[in-house]
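Inside the fold
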Amino acid sequence: MRRVGNPRPARNEVRRHDVQSRPLTTGQVKGNLRARMDSTEQSTDVLVVGAGMAGLIAASELLRAGRSVTVVDKGRGVGGRLASRRIEGATFDHGAQGFTTGDSRCSPVGLQKRLGGAVAHWMPDPAMRTEGLVHWRGVPCMSGVAKHLALGIHVQLETGLVTLRTDAHRWIATTLNGRTIAAQAVILTPPVPQSLALLDASGVALPPALRHRLNAIEYDRCLTVMARLEGPSRIPPPGGLTLTSGPLTSITDNQLKGISGESAVTLHATPEFSLEHWDRDRTESAHLLLAAAADWLGAGVRSFQVHGWRFSRPRVLDPEPCLLASTLPPLALAGDGFGGFGVEGAAFSGMTAATAILGCTAAAPRAV
Ligand SMILES: Cc1cc2nc3c(=O)[nH]c(=O)nc-3n(C[C@H](O)[C@H](O)[C@H](O)COP(=O)(O)OP(=O)(O)OC[C@H]3O[C@@H](n4cnc5c(N)ncnc54)[C@H](O)[C@@H]3O)c2cc1C
């Protein structure tokens, strides 16, 4: 269930290998490799790493400003932590369950307007009501928000970035599936420890003060159980509970929430439980969490899956909405580790990073 990096080949690569019936000679292999390297070299104005909220908003801002943009994500779908999963007839949101808009600090991004029909009102817990904030869920589920934002954006999935180096005022990125992408500027939106690991593995030197700030950004872990139930749960409408004691922070009934065709609940464990049980047997941990939720389940469990979010929500953030690590060539770090207002904050961070990159780079001359 846990997946770090993505060692699987892209689906199109699998198909290419599948049709190969006869062994190739060494010369043919070398020729094919050369052809593949050539055909996989790309060039773009801005490379955005990560197709979550921050990356997709950054990409749409840059496109709107007339830049060419390539977005790469190591995952199989867009959204990052705006994540949904289908198991048999059930649909689960297993990352963020919902989010708010209306924070005056993020108003320049206009997130609510950008999302159109990809969201519906959903207030899981009236106690969470905050003056001026509007609560949303995704339509048809949380990943639908990201799919809506990704319309018209060139996103390459199953394309994990592994190294980044400079060459004559450009960034040269290499991906796990052997592609090389040259870009005038790069925006990194993975959780900050992952971006730092990438920069360190690439030998990119960071000013000590910047490294200190990036090192300070920390995230909580979250063990998540997705359980299909034999009947309706005891969770009251509209399907979301926030808990303040025990090993769970929330229980959500995905059917009551309006995203699942059958009874299905998502359980989120506390940061403390998740840390303590991270390296233990996931099935045993899931049984402990299901037992803690038993009063609210009200029906037998048909089946369950567990997901571990190594970086769920930031516990310590940087106060700035994004940081520029380099201006020549430009490199910005963005995402929910900056600014810190959840999904809306990640969107604002992406928008701010795009503005910073536009400020550092001149638009390429357009053909007339
Ligand atoms: C369990 C849980 C509950 C949450 N609850 C809430 C909530 O109630 N309200 C709220 O506002 N927010 C909530 N959040 C947080 C919210 O989901 C995030 O703040 C937001 O989605 C972060 O977006 P992002 O773009 O910054 O990062 P991400 O969504 O993490 O996107 C980063 C992307 O980078 C990709 N990536 C990483 N490394 C590489 C690489 N080397 N190459 C290519 N791609 C790479 C990843 O695959 C990912 O898609 C929750 C999150 C979780 C996990």
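Being a predicted model, the structure only gives us computed values, none of them experimental.

Calculation rules
Residues numbered from 1 in each chain as written. Predicted model: local features only at pLDDT ≥ 70, side-chain atom pairs only at ≥ 80, totals over all residues. Helix = DSSP H or I, 4+ residues; strand = E, 2+ residues; numbered from the N terminus. Axes fitted to C-alpha atoms, helices over the stretch in contact; angles between N-to-C directions. Parallel < 35°, antiparallel > 145°, perpendicular 65-115°, else oblique. Left-handed = near helix turned anticlockwise from the far one by under 90°. Contact = placed C-beta atoms within 7 Å. Near = placed C-beta within 6 Å. Nonpolar A, V, L, I, M, F, W, Y, C, P; charged D, E, K, R; others polar. Domains from an automatic or database assignment. Core = buried A, V, L, I, M, F, W, Y, C linked by C-beta atoms within 7 Å. Buried ≥ 20, exposed ≤ 12 C-beta atoms within 10 Å, placed from the backbone. Pairing = 2+ DSSP bridges. Right-handed = clockwise from strand over helix to strand, strands pointing away. pLDDT = per-residue confidence, 0-100.

Description of unusual backbone geometry
Put simply, proline 237 and proline 238 share a cis peptide bond, and its omega is 10 degrees. Tracing the sequence through the fold places proline 238 in the loop between strand 13 (222-229) and strand 14 (240-242). In this structure, proline 329 follows leucine 328 across a cis peptide bond, with omega equal to -5 degrees. Tracing the backbone shows proline 329 in the loop between strand 19 (323-327) and strand 20 (330-333).

Quick notes on the packing of helix 3 (residues 53-64) against helix 5 (residues 142-150)
Two elements in contact, helix 3 and helix 5, have axes whose closest approach is 9 Å; the angle formed by their N-to-C orientations is 15 degrees. Judged by the angle between their axes, helix 3 and helix 5 are roughly parallel. The interaxial crossing formed by helix 3 with helix 5 has left-handed handedness. Where helix 3 approaches helix 5, its residues Leu56, Ile57 and Ser60 are matched on the opposing element by Ala146, Leu149 and Ala150.

Concerning the site of the ligand
In the neighbourhood of the ligand, 37 residues make up the surrounding shell, with Gly50, Gly52, Gly80, Gly335 and Gly342 lying closest. Elements that contribute at least two residues to the shell around the ligand include exactly helix 3, helix 6 (192-202), strand 13 and helix 12 (342-360). Considering only residue class, the shell around the ligand consists of 16 nonpolar, 16 polar and five charged. In this structure, the shell around the ligand is formed jointly by two domains, domain 1 (1-11 + 34-85 + 106-120 + 140-218 + 320-368) and domain 2 (86-105 + 121-139 + 219-315), each of which donates at least three residues.

Points about the nonpolar core
Residues Leu47, Ala58, Val186, Ile187, Ala332, Ala347 and Ile357 are the most contacted members of the largest nonpolar core, which totals 65 residues. Looking at this core element by element, the count peaks at ten residues for helix 12. Ignoring any residue separated from it by four or fewer positions in sequence, one finds isoleucine 357 in contact with Val46, Leu62, Ala185, Ile187, Pro330 and Ala332. With 25 residues, the next largest nonpolar core counts Val225, Ile235, Leu248 and Trp309 among its residues.

Observations concerning the pairing of strand 3 (residues 84-87)
Looking at chain direction, strand 3 and strand 4 (residues 90-93) are connected through four bridges and run antiparallel. Considered in strand 4, the bridge of serine 84 is made with aspartate 93.

Topic: the pairing of strand 2 (residues 69-72)
Residues Val69 and Val71 point to one face of strand 2 and Thr70 and Val72 to the other, with burial holding for every one of them. For the handedness criterion, the β-α-β arrangement of strand 1 (residues 41-49), helix 3 and strand 2 is classed as right-handed. Sheet topology places strand 2 next to strand 8 (residues 155-156); two bridges connect them, and they run parallel. If you follow valine 71 over to strand 8, its bridge partner there is valine 155.

Side note on the sheet that holds strand 15 (residues 248-253)
Pairing is antiparallel across the open sheet formed by five strands, whose spatial order is 14-15-16-13-17. Two strands bound the open sheet, and with one partner strand each, they are strand 14 and strand 17 (301-309). Averaged over all neighbouring strand pairs, the angle between strand axes comes to 15 degrees, with direction disregarded. Set on the sheet, helix 10 (residues 282-292) makes contact with strand 13, strand 15, strand 16 (264-269) and strand 17; between it and strand 17 the angle comes to about 115 degrees.

Examining the sheet that holds strand 6 (residues 119-121)
The three strands lie next to each other as 5-7-6, forming an open sheet whose pairing is antiparallel. Pairing within the sheet leaves two strands with one partner each, and these edge strands are strand 5 (99-101) and strand 6. Put simply, the sheet's adjacent strands are angled 50 degrees from each other on average, direction ignored. Across three bridges, the pairing between strand 6 and strand 7 (residues 134-138) is antiparallel. Looking across to strand 7, one finds that valine 119 is bridged to glycine 138.

A few points about the packing of helix 3 against helix 12
When two helices pack together, their arrangement is given by the angle between their axes and by how far apart the axes lie. Between helix 3 and helix 12, whose axes approach to 7 Å, the crossing angle comes to 40 degrees. In terms of axis orientation, helix 3 runs oblique to helix 12. At the point where helix 3 passes helix 12, the crossing takes the right-handed sense. Every residue of helix 12 that contacts helix 3 at Met53, Ala54, Gly55, Ile57, Ala58, Glu61 and Leu62 is listed here: Val343, Ala346, Ala347, Ser349, Gly350, Met351, Ala353, Ala354 and Ile357.

A few points about the environment of serine 245
For serine 245, the location among the structural elements is in the loop between strand 14 and strand 15. Residue classification places serine 245 among the exposed positions, given that 7 C-beta atoms sit within 10 Å. Along the sequence, serine 245 and threonine 270 sit 25 residues apart, while their C-alpha atoms lie 9.2 Å from each other.

So, the confidence of the model for the chain
In low-pLDDT regions, the fine details of the predicted coordinates are not to be read closely. For the chain, per-residue confidence averages 88 on the pLDDT scale, and residues scoring 70 or more make up 87% of the total. Confidence drops under pLDDT 50 across residues 1-38; counting only partners more than four residues distant or on other chains, this segment forms 19 contacts. Across residues 364-368, where pLDDT falls below 50, the model places one contact with residues more than four positions away in sequence or in other chains.

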